[in-house]
Amino acid sequence: MDNWKSRFKHKLVEILGPEGVISSPDELVAYECDGLTSYRVKPLFVVLPRSAIEVSEVVKLCSAENVPFVPRGAGTGLSGGALPVEDGVLISLSRMNRILEVDIVNQRVVVEPGVVNIWVTNAVSNRGYYYAPDPSSQIVCTIGGNVAENSGGVHCLKYGVTVNHVLGLEVVLPDGEIIEFGGKTLDTPGYDITGIFVGSEGLLGIVTKVILRIVRRPEVVRTILAAFDRIEHAGAAVSGITARGIIPAGMEIMDRLSILAVEKAVQPRYPTDAGAIILVELDGPSAEVEAHVCVVTEVLRENGATEIRVARDESERELFWKGRKSAFAAMGRISPDYYVQDGVIPRTKLAEVLREIERLAQRYGLKVANVFHAGDGNLHPLILYDSSKEGEFERVEELAGEILRVCVEAGGSITGEHGVGYDKKRFMPLMFTESDLDTMYLIKCAFDPKGLCNPGKVFPTPRSCVEAGATSYKEHPVEKMGLGKRF
Amino acid sequence: MRAELREIIEVVGEDFALSSVDELKRFSVDGKTPRLVVFPRSVEEISEILKIAFRSSTAITPWGGGTKIGLGRIPDRVDVVICTTNINSVSEYEAADLVCTTQCGIQLRKLQEILRVKRQFLAVDPPHLEAGATIGGIIVTNDSGPRRQRFGALKELLLGIKVVRADGKVVKGGAKVVKNVAGYDIPKLYVGSLGTLGIVVEATFRLYPIAEFSQTCIISSPDIDALEKNVFAVLNSTVVPTCLELVSPPLLDRVSGHLGFDIPKKGYALCVRVESIQRAVRDQISRICDMCGGSNAKITLIEGGLEEKLWDCLINFPWKFLKDGRLACKASILPGSIKWFLRGLEQISSSLHLDAYVLGRAGSGVLTVSLESREDDSSLVDAVSLLRKEIRVIGGNLTVWDCPLSMKSRIDVWDDIGESIGIMKRIKRLLDPRAILNPGRFVGGI
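These figures come from a predicted structure and were not determined experimentally. (Residues numbered from 1 in each chain as written. Chains lettered and ligands numbered in written order. Predicted model: local features only at pLDDT ≥ 70, side-chain atom pairs only at ≥ 80, totals over all residues.)

### Looking at the domain arrangement of chain A
All names here are of chain A. Threshold: Reported domain spans reflect what an automatic or database domain assignment gives. Any residue pair is listed as a contact if its two C-beta atoms, each placed from the backbone, are within 7 Å. Here the term charged refers only to Asp, Glu, Lys and Arg, the term nonpolar to Ala, Val, Leu, Ile, Met, Phe, Trp, Tyr, Cys and Pro, and the term polar to all other amino acids, Gly among them.
What the domain assignment lists for chain A is domain 1 (3–92), domain 2 (99–216), domain 3 (220–326), domain 4 (335–423) and domain 5 (434–480). Computed from C-alpha atoms alone, the centre-to-centre distance between domain 2 and domain 5 is 26 Å. Contact with domain 2, which involves eight residues of that partner, is made by 10 residues of domain 5. Each residue belonging to the side of domain 2 that touches domain 5 can be placed in one class, and the counts come to five nonpolar, two polar and one charged.

And the structure:
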């Protein structure tokens, strides 16, 4: 270990104690990627702070030494947002995992960033409340990561995504300052910094405390499963339901390949001969839900449903969802590897975009399974491949990019909930002009003029805040020694 | 006339510019009269105007319907008013997607008329619809109304925006689909920004279907304790009200007098609106009546035309009923503190001889408080500082939305926001380096 590095480690240990700093290559391996395993980088160090003050001290040290840093929650992200940088520090928030306050009267819960998503619901469920955003990884992913990615889930059609449930933040800015934005009350005067911070993918600072809104459990929940011969008919049914003035809590579609995979993995007893299935969940006051169940059933039938099941009890409902929630992992049963894409389209373009994806898949000679949040047009095409076959992953990446192009051309977005991260930054120009990106970068500069916080993510090309008049650039010690160059 | 003003007139043409003193006076902001008012007809024209203004450091005041122009500190400078009302077309509306993109000079009232044809609506119900409140003005003031209980604030509905920046660049953020996390959530930054970061020219919203049936129950409570009990009975139940508004006795008195219906006006009232299919509405309303039936409450049920009128009256309070010597503010507290706040308010208003009209979103803790002085406006100034002291104890903030000009130099209309002002000033400096957009009106003098 060279001199600078060992001195730097010593300073980290002074802040965090020896158990708070990881530096051995064997242990660093566990942190070299997030849920997107195709990119791997070993950081200089991983640190495990226990408080906002420790995070602040680490960040101040990094800032003083011009060392980049990357925040990380549970590492379940699928866009490489928590991918370390080689000459930087990875700040894992996993030890900051306390629920600080449960305030049922005001429907608020205050947590540290390392708190696992489902813990919030567990902490309030006995009082009839829950935390609404429910990404598939909710039993492991953390609130800090959810804030960074503005995570969604299967119920965001009706209940919104993370940003709709975060009211305030305590944040360590990239210069080490600890600041609070928003609060337990609404409409704090000034710019909505909480709003811009949620979904900023760890580029603006490190969240150390989060004020969440919890919601009342609905009186009744009904889940309907319907089978269709063709996926287009399922898509048409989705538009048909919203056209009748009904906004279900969730509407999910799975295609034939996904159905086969989950049947092998978790046996949810879906109709395996179906071309597609749709899950519709309705919740709310009983009189409303029961009436809507009738209307939805009617619409499903009108659109050619071959079979309709309404979950009779909670265990059958859980079984319906078990298949959907395990769909990504189930791909392992039918393919050695898979790549999850995440794009959004207007609901009404569902049928035409799915046809186009199928056409592209054939052209690339790859299989694509489709699982998606149909209600909000959020597609998750799963591209199946075999990484041991030479050149196959490159073809997967190309196809994945083509799919995003199709989504944007249909009027949609390159990501609905997984984030841009490292993986999709090159696609940002599909959606945004140079001026649009410039505006975002000015905001980045307001928070992080030195560009040390999670560098190399989101923005397609390297930028500096110097032109923006925000700062002057300082070299990393490694650069000073002439050993490397950051872009 | 200065050269840059002549250049700006050339962009829009003489017919779309006002420069006579009388005409300009109508566009004064806190007594400061602009030198020029222009009515551009396209986003490109706004961009050209801002390029000229940026180059010449000309101060710009964006103006929609002008209905909330009283919000904010006294501006440092008012040179040119850009009125957005000619940029008012609905750009894209695919009803089946429940999404609509519109230019921001459109009046909310007009937009709702267009959406109503497809039995849909933008789920925001701020005041001043009849007076011509525009989408742009509602976005940048983060205005809201009683329906917030069910649908959230405007930022929850705003999916994407197009903005003309201070330097004239036209940029967009967000997307035109209901779910999107590509790049920073730029729309959030512009909600409530009071036109200080750019002129919002286009917005994409998620829409909701208009419910088949609606009914409102007015629950009169003899005292604040009973009111609070009713609020939490509803909040902790599984009924899903669209609105849950508390109404103070003087306001109840005015509104019921105006509408000519007979309800007890002594205590506080809780107005609970439920919208859904008819059977579900009746079912929930009857449950609400059961929950709140005790504690000597009297319950009045209304629907149809009278119900619409009631909400219209409540929402447009205090602008419709009160005289010019009023003070209107927005207090944001926690639902659990409503009782303490109302007690404090009662004490303050009685000691200062004020009438306090309160319309409050009980579920979100956002209350519109209007104070009317029976003496002079110095008691209003005292009331603001006393109320802020009260709110500091229970947590929250108080923004003055409208007050006599003479008061503005004596109070800060914005509440203290602590250290977070630093990052806001940095954002402002980078997006509007010459401070030409609404200079001085926003928090901390931004």
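### So, the sheet that holds strand 2 (residues 45–47) of chain A
All names here are of chain A. To keep things clear, this is the line we draw: Two strands make a pair as long as DSSP finds a minimum of two bridges between them. For helices the rule is a DSSP run of H or I covering at least 4 residues; for strands it is a run of E covering at least 2, with both sets numbered from the N terminus onward. Lines are fitted to the C-alpha atoms to define the axes, a helix being fitted only along its stretch in contact, and any angle between axes, read from their N-to-C directions, falls within 0 to 180 degrees.
The sheet built from four strands is open, its strands ordered 1-2-4-3 with mixed pairing. Two strands lie at the open edges of the sheet, namely strand 1 (21–22) and strand 3 (69–72), each paired on one side alone. Summarising the sheet, strand 1 and strand 2 pair through two bridges and their orientation is antiparallel. Bridging across to strand 2, isoleucine 22 finds its partner in valine 46. Sitting on the sheet, helix 3 (residues 52–65) is in contact with strand 2, strand 3 and strand 4 (89–92), with an inclination near 170° to strand 4.

### Considerations on the interface of chain A and chain B
Between chain A and chain B, the residue contacts involve 73 residues of the former and 69 residues of the latter. Of all the elements in the fold, those that place two or more residues in the side of chain A that touches chain B are strand 9 (178–182), helix 7 (193–197), helix 8 (231–243), helix 10 (286–302), helix 15 (428–431) and helix 16 (434–447) of chain A. Ranked by residue count, the leading element in the side of chain A that touches chain B is helix 16 of chain A, at nine residues. Tallied by class, residues from the side of chain A that touches chain B come to 34 nonpolar, 27 polar and 12 charged.

### Overview of helix 1 (residues 3–12) of chain B
Residue and element names in this part refer to chain B. Operational definition: Partly exposed residues are those whose C-beta has more than 12 but fewer than 20 other C-beta atoms within 10 Å; with 20 or more the residue is buried, with 12 or fewer it is exposed, and the C-beta atoms are placed from the backbone. Arc definition: it is the arc formed by the directions from the helix axis to the C-beta atoms.
Residues of helix 1 that are buried: Leu5, Ile8 and Val12. Seen from one end, helix 1 has its buried residues packed into an arc of 60°, which puts them on one side. The outward face of helix 1, more than 90 degrees from its buried face, is lined by the exposed residues Ala3, Arg6 and Glu10. Residues of helix 1 that are buried sit in contact with strand 1 (17–18), strand 2 (36–38), helix 3 (43–56) and strand 4 (80–83). At the C-terminal side of helix 1, glycine 13 shows a positive phi close to 90°.

### Overview of the pairing of strand 18 (residues 367–373) of chain A
Residue and element names in this part refer to chain A. With six of its seven residues buried, strand 18 lies for the most part within the structure. The pairing of strand 13 (residues 250–255) with strand 18 spans three bridges and is antiparallel. Its bridge partner lying in strand 18, isoleucine 253 is registered against phenylalanine 372. As paired elements, strand 18 and strand 19 (residues 378–385) share seven bridges and run antiparallel to each other. Residue pairing across strands places valine 371 opposite histidine 380, the latter belonging to strand 19. Remark: four residues form the turn of the hairpin made by strand 18 and strand 19, two consecutive strands paired antiparallel; glycine 377 in that turn has positive phi of roughly 70°.

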